[in-house]
Amino acid sequence: MAKSIRARGHLSCQSARVSARSAMIESSKRTRTQRHGVEVSTLYRDTGAPLVGLIEDIRTGRIALPDIQRPFVWASKKVRDLFDSMYRGYPIGTLMLWETGAEVGTRQIGLDPADRTPQLLIVDGQQRLTSLYAVLTGSSVLTKSFEEKRIRIAFNPVDEIFEVTDAAIERNPEFVPDITTLWSDGYRSTARHYLKRLGDAREVPLTESEEDELDDRINRVHDLRDFRFQIVELSSYTDEEQVAEIFVRTNSEGVPLNQADFILTLMSVHWEKGRRHLEEFSRAATDPAMKGATPKNPFIEPSPDQMLRVAVAFAFRRARLQFVYNILRGKDLETGTVSLQRRDEQFAVLAAAQAKTLDLGNWHEFLKCLQAAGFRSRKTISSDNALLFSYALWLVGRIDFRIDLPTLRTTIARWFFMAHTTGRYTSSPESALEFDLGRIADLPASDGAAFIAELDRLIAANFTTDYWEISLPNRLDTSSSRSPVLFAYLAALNLLDAEVLFSNVRVRTLLDPGVNAPRAVERHHLFPKAFLAKQGIRSTRQTNAIANMAFLDWSENARISDQAPAVYWPVMIERIPDDRLRRQKYLHALPVGWEQLDYPSFLDKRRRLIAQVVRDGFASIQGERQSKELTTDELIESGEGQTVEFKSSARWNLHTRQVDPKLEHVIVKTVCGFLNSEGGTLFIGVDDDGNRLGIGQDIVTLGSKANIDGYELFLRHLLERGLSVSTAGTVRISFEPIGVDHICLVRVSASGKPVFARQAKGQGGADASEFWVRIGNQTRQLHGDDMVQYQSEHWG
């Protein structure tokens, strides 16, 4: 058998390293080309390198892993398929590397510490290179749940197949149970051991030709270390936006890159310690093995990029990470110049803010705000952004404005309740937070009262009387079990210490994160599904409507079964004292005589009562600080925002001094945006700076109907003609005098279904339907997938 283990000529690690490095260095040269007589830098070069050279460069830190993509998430069978493809000579895709000009401090894939300056970062191919590195070196990988594991791949030389190693394969002599030994223990010893084990297991000894053939197949696996990869190397001239665009265009299955990824990459290069702290915080929040003081909580398992968003919002009062990336590069946003000194200064600012963000005392104090808002666990939180961005505002209030903890807890509890319920940070969250941070940017330093007053104004501008009485009932017209308005109702029941219907068990007990008894309590159909089916009502959206569900003991639910409400209700309330029954009817929003109502009337009435319970629950958070409706002057003074918009006129163009039909469509799309969001107030006759101009010029253009009544009639006809739904129940129009003139207030409530604006195309053309939403202080049109996603999230 020894003769069959023939001497092989293998490329040494040293020569492979030199070969790979020569090729890579050649390709790394900054190349310039002539284009129309002008010298320009190229974005990329095509090159290649053997696997062994890539792995050595990873080990020594010349190629650094920036974790631009997500942590290692490949299943072991995918690693198996990768080796099988390489063995059979199939293409396995191109690697993409990026020259960065980085100095020191980047984190390496390998386990050996190195101080070398990384010349290249892996943009595309992280999963492949991590898999190959782990198998060839025997290194462990860190899973998404922060568990270390070894990837063990087996090879069957007889059938030439790869498998994921398990106990059965370990015992099977036809397999090399762990191909890592080909590189760790050496090819010869692994092949010799395999052939001896296989020969001992067979009744007929292996022939020399069989041993040679099996030996050749094992050697082919060993020689995969020389597999040559095709590489696209992006020049250091390529900026982050170009890198992201190239990645998307060349890799349809890759994880899309975002600005948080690039900031984390920048941290890997210039402040590796800070990035490691983010990762350690996230790991401690999820790893069950972690003991002692940790970030663990019942609300969220934050990822590094989520905590980064909080830190940069607190540090720079910016939410758009594109700006933050450039700030951290040391770029002056006005002049465009980059300064290393400025970069170091900005990283120092981030370091101080991140230390406060990751401080466990601050983190857990903030989480108390969620409890004060009535929320008990992640079961009732539909928006991580609402939680994280509320934490950013908590940090601003605590650190910069020095607000005492009890006061800040109430303030942020109210803010989170509003932001989560209204979906403030659901669509275009960066724009919404940027707007909110802008509102507090110019407040006097350390003036906690001013900070609280500004948040109170924003809350009051969203939670108007129209919101509670019209918008919220409309938003409750859904069957979504993850609707934020449903969670607001559950939070209110918790705040008001509600009991489960027909029971003395508290709702808060059921919402406790430690309770895990799915059959103990459930949301029950007040009008049973079988009963509704007999009435011809079968659609899930109707039968599972929020307004048809109530918390109930499972045993009581079983007793009710499919009986009509008029049958089971008198029986179920026989044992309940009158005072408890009155309280349960109020908290569970049961209309008077509800069991006798027809189903549509019941749903309509109960939605309004649920909204009132939510309003009462929110009021209980405030303590002595009761919110009040903002006056017209206060609304105008607060400026344009999520729920306030100013328009100088609806017909008369102040610049051209004539009637402009385009202005009418501006009014229509603004009202459409409010209807499709959380409602709001449109002021007509007020310019962008809040100056009251009046609507006198508009009224004059109406001719014979040139008066206030005629102006309201004009607006009503405009909205009826320009929108896809009637606005009789969702739009209120009023006027307030300013001297001899007036301004017009168009108060809009949220719609219970999507609303489209009609854009006339002129003669011979069909009207176009447009979908508008309110985002921050802008009315924005959504198209295609963005529109579908928004509608799904907003209405369920």
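Anyway, here's the lowdown on the structure attached to this text. None of these values were measured; they are calculated from a predicted model.

What counts, and where the lines are drawn
Residues numbered from 1 in each chain as written. Predicted model: local features only at pLDDT ≥ 70, side-chain atom pairs only at ≥ 80, totals over all residues. Heavy atoms only, no water. Helix = DSSP H or I, 4+ residues; strand = E, 2+ residues; numbered from the N terminus. Buried < 20%, exposed > 50% of the residue type's maximum accessible area, 1.4 Å probe, protein only. Salt bridge = Lys/Arg side-chain N within 4 Å of Asp/Glu carboxyl O. Pairing = 2+ DSSP bridges. Axes fitted to C-alpha atoms, helices over the stretch in contact; angles between N-to-C directions. Phe/Tyr/Trp six-rings, centres within 6.5 Å; stacked < 30°, edge-to-face > 60°. Lys NZ or Arg CZ within 6 Å of the ring centre and 35° of its normal. Parallel < 35°, antiparallel > 145°, perpendicular 65-115°, else oblique. Left-handed = near helix turned anticlockwise from the far one by under 90°. Contact = heavy atoms within 4.5 Å. Nonpolar A, V, L, I, M, F, W, Y, C, P; charged D, E, K, R; others polar. Core = buried A, V, L, I, M, F, W, Y, C linked by side-chain atoms within 4.5 Å. Expected span 1.5 Å × (residues − 1). Polar contact = N/O pair within 3.5 Å; in protein donor to acceptor, adjacent residues only side chain to side chain.

Next up on the list: unusual backbone geometry. Here Arg317, not a glycine, exhibits a phi torsion of approximately 55°, which is positive. Relative to the elements of secondary structure, Arg317 occurs in the loop between α12 (304–316) and α13 (321–328). On the basis of relative accessibility, which here comes to 23%, the residue Arg317 falls in the partly exposed class. Phi angles above zero are rare outside glycine, and Ala589 is one such case at about 55°. Relative to the helices and strands, Ala589 resides in the loop between α27 (578–587) and α28 (599–621). On the basis of relative accessible area, Ala589 is assigned to the buried category, the value being 1%.

Here we come to the pattern of salt bridges. What the rule picks out here adds up to 42 salt bridges. Close ionic contact of Arg414 with Asp456 constitutes a salt bridge, the shortest N to O distance being 2.5 Å. On the criterion of sequence distance, the pair formed by Arg414 in helix α17 (residues 405–422) and Asp456 in helix α19 (residues 448–462) is long-range, its members being 42 residues apart. Classification of Arg414 by relative accessible area gives buried; the value is 1%. Under the relative-accessibility criterion, Asp456 is labelled buried at 18%. Among the salt bridges present, the one from Asp466 reaches Arg732, with a minimum N-O distance of 2.7 Å. On the criterion of sequence distance, the pair formed by Asp466 in helix α20 (residues 465–475) and Arg732 in strand β18 (residues 731–738) is long-range, its members being 266 residues apart. Given the relative accessible area of 8%, Asp466 is considered buried. With a relative accessible area of 41%, Arg732 lands in the partly exposed category. The structure contains a network of salt bridges with shared partners spanning Asp497, Glu499, Arg506, Arg508 and Arg580.

All right, on to the sheet that holds strand β17 (residues 680–684) then. For sheets, the rule is that strands pair by backbone hydrogen bonds, running either parallel or antiparallel. As summarised here, the arrangement of the four strands in space is β14-β17-β19-β18, forming an open sheet in which the pairing is mixed. Each having just a single partner strand, β14 (644–647) and β18 make up the two edges of the open sheet. On average, each strand axis in the sheet is tilted by 20° relative to the strand beside it, whichever way the strands run. With four bridges joining them, β14 and β17 adopt parallel strand pairing. Considered in β17, the bridge of Glu645 is made with Leu682.

Moving on, we come to the packing of aromatic side chains. Overall, the coordinates contain 38 aromatic pairs when judged by the stated rule. With 5.1 Å between their ring centres and 80° between their planes, Phe375 and Phe416 make a pair best called edge-to-face. With Phe375 in the loop between α15 (360–372) and α16 (384–400) and Phe416 in helix α17, this pair connects stretches of sequence that are 41 residues apart. In this structure Phe375 comes out as buried when scored by relative accessible area, which is 1%. Taking 6.2 Å as the distance between ring centres and 75° as the angle between the ring planes, the aromatic pair formed by Tyr790 and Trp795 counts as edge-to-face. Taken individually, Tyr790 and Trp795 each receive the classification buried, so the pair is uniform in this respect. Over the aromatic face of Tyr87 sits the side chain of Arg220, whose NZ or CZ is 3.9 Å from the ring centroid.

Viewed as axis vectors pointing N to C, α20 and α28 meet at an angle of 135°, and their least axial separation amounts to 8 Å. As the angle between them shows, α20 and α28 are arranged oblique. By crossing handedness, the relation of α20 to α28 is classed as right-handed. Contacts between α20 and α28 involve Thr465, Trp468, Glu469, Leu472 and Pro473 on the former and, on the latter, Arg607, Arg608, Ala611, Val614, Arg615 and Phe618. Counted by class, the contact of α20 with α28 contains six nonpolar, one polar and four charged residues.

Here we come to the nonpolar core. Of all hydrophobic cores here, the largest spans 108 residues; its most connected members are Leu350, Leu387 and Phe451. Considering each element in turn, this core owes the most residues, ten residues, to α16. Residues in contact with Leu387, not counting those within four places in the same chain, are Phe299, Ile300, Trp363, Phe366, Leu370, Ile381 and Phe416. The next biggest cluster of nonpolar side chains, apart from the first, holds 45 residues, and it includes Tyr187, Ala191, Tyr194 and Val221.

When the terminal C-alpha atoms of helix α30 (residues 661–675) are compared, their 22 Å separation across 15 residues agrees well with the 21 Å that a helix rising 1.5 Å per residue should span. Most of α30 sits out of view: eleven of its 15 residues are buried. Residues of α30 that are buried: Leu663, Glu664, His665, Ile667, Val668, Thr670, Val671, Cys672, Gly673, Phe674 and Leu675. For α30, the N-terminal capping position is held by Asp660, with its side-chain oxygen 3.0 Å away from the main-chain nitrogen of Lys662.

We now examine the pairing of β17. For β17, the tally of buried residues reaches five of five residues, placing the bulk of the element in the interior. Burial of β17 is two-sided: the residues Gly680, Leu682 and Ile684 facing one way and the residues Thr681 and Phe683 facing the other way are all buried.

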